[in-house]
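# Coordinate analysis (summary)
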Amino acid sequence: MNETAKRRAGFVAILGAPNVGKSTLLNRLVGTKVSIVTPKVQTTRRRIVGITIRGDAQIMFVDTPGIFAPRARRHLERAMVRAAWAAAADADLVLVVVDAKRGLDRETRMVFDGLRDHPVPRFLVINKIDLVKDKRLLLPLADEANRLLSFERTFFVSAEKGDGVGDLLEAVAGALPEGPWLFPEDQLTDLSNRALAAEITREQVFLQLHEELPYAITVETDGWAESPDRSEVRVDQTIYVARESHKPIVLGRGGQRIRSIGERARREMERVFGRRVHLFLFVKVRERWMEDPERYAQMGLEFPG
């Protein structure tokens, strides 16, 4: 048997309710930032693949939007939830993430119910164990979860601290089918630099704006121009808002907020891309963008007809 035949490869969907730490777990498993993280629910909108190698296995972790009950008229919500279930159906393995502190709440039980008829193998990942003071509560939580839905294995982790993630990674690698690797060894995500840059700026929008406004905003990278030696890059982006009244909120008094968003996004891009970044942000109104199928295609989502 040649070396290629001995290799393993597969897609692993990370599934769970909103804000259980799926994106933080993905970044920890891959070893670098490929998915944005904020305290707000529904930050992840698109299917994002983070790629890592463990021994002879190439693992494609698929970060998914949190699963919840979407409102009928909210096209974006419906598209996000549909993308999460599609990722689970296409995966070789599903990691079901549960917040150790929140436990088996209504949305987590909804995830369990949706997976009951899925034949895909699944691991239970109880996350945020660092937030639980009495660790004796963790085993009863795992027992109850396994009574509600059968899992091949159960893991207790802290994605934030890294505790238990190595054992999870080892188990995932061993569970994948034999087959050739699907991506170059040095590739960490299926996102282009332009798409990842847009996500980084959107992360800052979520972190610096409050209440409902971030959910009515999208970011697109209009220009990506590298210097001849690739040590610097100019990034031009547009922050689209749904209403004219939203523009002054994003800009802030005297342009303070947009400058803050740009400065923090630029620093994060420089860290992620390992080069100097010149970031130029513009704010424009694009009414009813959440009803435009073209916008969904750019986010890697299927418009719910």
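Refer to the preceding data block for the structure.
Read on for an overview of the structure. (Residues numbered from 1 in each chain as written. Predicted model: local features only at pLDDT ≥ 70, side-chain atom pairs only at ≥ 80, totals over all residues. Heavy atoms only, no water.)

## Let's talk about the overall build of the protein
Inclusion rule: Strands are runs of DSSP state E lasting at least 2 residues, helices are runs of H or I lasting at least 4, and numbering of each runs from the N terminus. The atom set for the radius of gyration is the C-alpha atoms, and the globule formula is 2.2 Å times the number of residues raised to the power 0.38. Exposure is judged per residue with a 1.4 Å probe applied to protein chains only, and the accessible area is read against the type maximum: over 50% gives exposed, under 20% gives buried, and values in between give partly exposed. Any pair of residues with heavy atoms lying within 4.5 Å of one another is described as a contacting pair. Within this scheme the basic residues Lys and Arg register as positive and the acidic residues Asp and Glu register as negative, but His and the chain ends are omitted. Here the site of a charge means atom NZ of a Lys, CZ of an Arg, CG of an Asp or CD of a Glu.
Within the protein one finds 10 helices and nine strands. Its C-alpha radius of gyration of 20 Å places the protein within 12% of the 19 Å reference for a compact globule of 305 residues. Principal-axis analysis of the C-alpha atoms places the extent of the protein at approximately 55 × 45 × 40 Å. Considering the protein as a whole, with its 305 residues, one finds that 52% of them fall into the buried category. Partitioning the intrachain contacts of the protein with sequence separation of at least 6 by distance along the chain shows that 72% fall at a separation of at least 24. Averaged over its 48 positive side-chain charges, the protein has a centre that lies 5 Å from the centre of its 43 negative ones.

## As for the sheet that holds strand E2 (residues 48-54)
Keep this limit in mind: When DSSP finds two or more bridges between two strands, those strands count as paired. Axis definition: a line fitted to C-alpha atoms, limited for helices to the stretch in contact. Angles are taken between N-to-C directions and run from 0 to 180 degrees.
Spatially, E2-E3-E1-E4-E5-E6 is the arrangement adopted by the six strands of the open sheet, whose pairing is mixed. Of all strands in the sheet, those bounded by a partner on one side alone are E2 and strand E6 (153-156). Direction aside, the axes of adjacent strands within the sheet are offset by 25 degrees on average. Where strand E1 (residues 8-16) lies against strand E3 (residues 57-63), seven bridges are found, and the strand directions are parallel. Counted as the bridge partner of Val12 is Phe61 from E3.

## Things to note about the nonpolar core
To keep it simple, the criterion reads: Think of a nonpolar core as a cluster: buried Ala, Val, Leu, Ile, Met, Phe, Trp, Tyr and Cys residues, connected wherever their side-chain atoms sit within 4.5 Å.
Phe61 and Leu95 are the most contacted members of the largest nonpolar core, which has 53 residues in total. Apart from the residues within four sequence positions on either side, Leu95 is in contact with Val12, Ala13, Ile14, Leu15, Leu29, Phe61, Phe123, Val125, Leu168 and Val172. Ranked by size, the runner-up nonpolar core spans 32 residues in total, among them Val98, Phe112, Leu149 and Phe151.

## Some remarks on the sheet that holds strand E8 (residues 232-241)
Taken in spatial order, the three strands line up as E7-E8-E9 in an open sheet, and their pairing is mixed. Lying at the two open borders of the sheet, with one neighbouring strand each, are strand E7 (217-226) and strand E9 (276-285). Sheet twist, expressed as the average angle between the axes of neighbouring strands with direction ignored, equals 20 degrees. Across 10 bridges, E8 lies against E9 in parallel orientation. Note on E9: the bridge partner recorded for Val235 is Leu279. Relative to the sheet, helix H9 (residues 256-273) contacts E7, E8 and E9, its axis offset from that of E9 by approximately 140 degrees.

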